Amino acid sequence: MSMAVAASSMHALAMNTDHPAADFSDTPWWLSLIKAVLLFVILLLNTLLVIWFERRVIGRMQQRPGPNRAGPFGLLQTLADGVKLALKEDVTPKNADKLMFIAAPIIAGAMAFVAFAIIPLSGSVWMFGHHTPLQLTDTPVAVLLVLAVAGVGVYGIVLAGWSSGSTYPLLGGLRSSAQVISYEIAMGLALVAVFLYAGSMSTSQIVLAQKGIWYCIPAFFSFIVYIITMVGETNRLPFDLAEGEGELTGGFHTEYSSLKFAMFFLGEYVNMFTVSALATTLFLGGWQAPPGIAAIGGGMFNGGWWGLLWFFIKLWLFMFFFVWLRGSLPRVRYDQFMRLGWKVLIPTTLVWVVAVAFIRAAQLGFLGDSKAWGGIPRATLIVIAVIAVIVLAIAWVWDTKQARKDNEVTAPPDEVNPFAGGHPVPPLPGQRLVEPVPAIAAAPAARSSVDNHSEEPRG
């Protein structure tokens, strides 16, 4: 009986979430074109604003003024920089593959805009005589479209490094593409928990499924992993390892100038908006108002054009997070960064996905339909308790190994040669220095040693 109830509930869930919730039936093609243009303009204006915002915030954090000359409060400084960048000489290296050299920034810049097309900025609104969602498009697998577009964007990085015909851009392109691909795996795994809770990959369905509770609470671990991976995806500090000044200069775009470099610069900032908008949509309820405000007046502030306000407030909180990280943390080493992705994030996220799958199965009645106190399924409590015990056991084993490693302190040697490593090293307390043998005295000793070895009988 319980299996039949669970099967019927799963069937009802599938029937409700197979198709996007956004209704585009009253949206003519010209209105979709207008929305596409408006989306492009909004992203451009927000990019200009966030560059100014980043300079001002970091300037305040570092006790310096930031831009304050071009326009009121320096608001036109980014526009002036863009005009200056467009008027610079456009140089193409002699050994470059010219076709790929031009195509790379176009791919990197265009893919950043395409991914934003499936983000719902609000619910249905009245626009030019039609009821239309504030969303360009939606599909049953919309989130997978974002991941696919991000994968295509890697080609822009690889082609930029290879087509420049220079060593350092090639190394920067390889390093950056390895970084992006590695963290895309952890990002995709982090989103699986959201799919399990929402029962859909459609962004509009995921937003509506968060009416009761935002997924940043039940899928808190996925939220944390996504925040880490979105910083790695966008090559931002402390993960901007494609631009190591000490070894790669500017990274994969070292040989680019003028508008081609501006396309990479624009793509980086638009990607920041894209990953922040995706985090807002999947974990923070999208365009829905915060729970307290959403209950006012029967939801009068939780729809229509009000959704645009809540969406951009959440979006800019993530943008402030990006700026805060850049002004606070130093760049990590590349090996540390890759170790974090492959040895920590990916394995732990796989375990988390399995745990969430068991929790959802228990909630839907696949593991029994008996209820505990508060109406919570007993199987859900058992699964959560088992997961908690496993996590505590792993943490205990890890702490034990770390404590044992800390206690294994190797005693320093009694004698130390200060010139053994090529540099003079002072002795530790209790150590004796081994006096170096002068080169003049060492030469006869070495020669006599060789003579003694040559006089030894052979066979």
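To be clear, the structure that these remarks concern was listed above.
One structure accompanies this document, and this report is about it. (Residues numbered from 1 in each chain as written. Predicted model: local features only at pLDDT ≥ 70, side-chain atom pairs only at ≥ 80, totals over all residues. Heavy atoms only, no water.)

1. Remarks on the overall build of the chain
- Along the backbone of the chain there are 14 helices and four strands.
- A burial count over the chain gives 41% of its 459 residues as buried.
- If you take every contact in the chain between residues at least 6 apart in sequence, the share linking residues at least 24 apart comes to 76%.
- Accessible surface, the chain as shown: approximately 24,800 Å² in total, 70% of it carbon and sulfur. (Helix = DSSP H or I, 4+ residues; strand = E, 2+ residues; numbered from the N terminus. Buried < 20%, exposed > 50% of the residue type's maximum accessible area, 1.4 Å probe, protein only. Contact = heavy atoms within 4.5 Å. Areas by Shrake-Rupley, 256 points an atom, 1.4 Å probe, with all protein chains shown as cover.)

2. Quick notes on the environment of Phe 113
- Within the secondary structure, Phe 113 sits in helix α4 (residues 98-114).
- In this structure, the C-alpha to C-alpha distance between Phe 113 and Phe 273, residues 160 residues apart in sequence, is 9.6 Å.
- The residues touching Phe 113, leaving out its near neighbours within four places in the chain, are Phe 40, Leu 43, Leu 44, Leu 266 and Val 270.

3. Some points on the packing of helix α2 (residues 29-61) against helix α11 (residues 306-328)
- Running from N to C, α2 and α11 cross one another at 40°; their axes reach a closest spacing of 10 Å. Here α2 lies oblique to α11, going by the angle between them. Here α2 and α11 pass one another in a crossing that is right-handed. From α2, Ile 42, Asn 46, Leu 49, Val 50, Phe 53, Glu 54, Val 57, Ile 58 and Met 61 reach across to α11, where they touch Phe 312, Trp 316, Met 319, Phe 320, Val 323, Trp 324, Arg 326, Gly 327 and Ser 328.
- Considering only residue class, the contact of α2 with α11 consists of 13 nonpolar, three polar and two charged. (Axes fitted to C-alpha atoms, helices over the stretch in contact; angles between N-to-C directions. Parallel < 35°, antiparallel > 145°, perpendicular 65-115°, else oblique. Left-handed = near helix turned anticlockwise from the far one by under 90°. Nonpolar A, V, L, I, M, F, W, Y, C, P; charged D, E, K, R; others polar.)

4. Some words on the packing of helix α8 (residues 220-233) against α11
- Between α8 and α11, the shortest axis-to-axis distance is 12 Å and the interhelical angle comes to 60°. It follows that α8 is oblique to α11 by the angle criterion. The hand of the α8/α11 crossing is right-handed. Facing Phe 223, Ile 227, Met 230 and Val 231 of α8, the residues of α11 in contact are Phe 318, Phe 321, Phe 322 and Leu 325.
- Class assignment for the residues of the contact of α8 with α11 results in eight nonpolar, no polar and no charged.

5. What about the nonpolar core?
- In terms of nonpolar packing, the biggest core is built from 75 residues, with Tyr 226, Met 230 and Phe 283 touching the most fellow members.
- Among the nonpolar cores identified, the runner-up in size contains twelve residues, and Ala 108, Val 154, Leu 159 and Val 180 belong to it. (Core = buried A, V, L, I, M, F, W, Y, C linked by side-chain atoms within 4.5 Å.)

6. Things to note about the pattern of salt bridges
- Evaluated as defined, the whole model comprises seven salt bridges.
- When the shortest N-O distance is used, the salt bridge between Arg 236 and Glu 268 registers 3.5 Å. Here the residue Arg 236 occupies a position in the loop between α8 and α9 (258-283), and Glu 268 occupies one in helix α9, the gap between them amounting to 32 residues. Of the two residues examined, Arg 236 and Glu 268, each falls in the buried class.
- What you see here is one network of salt bridges that share partners, running through Glu 54, Arg 236, Glu 268 and Arg 326. (Salt bridge = Lys/Arg side-chain N within 4 Å of Asp/Glu carboxyl O.)

7. Overview of unusual backbone geometry
- Of note in this structure, Gln 63 is not a glycine but carries a positive phi near 55°.
- Note that Gln 63 resides in the loop between α2 and α3 (77-87).
- Positioned with a positive phi, Phe 73 is a non-glycine residue whose angle comes to about 60°.
- Checked against the element boundaries, Phe 73 lands in the loop between α2 and α3.

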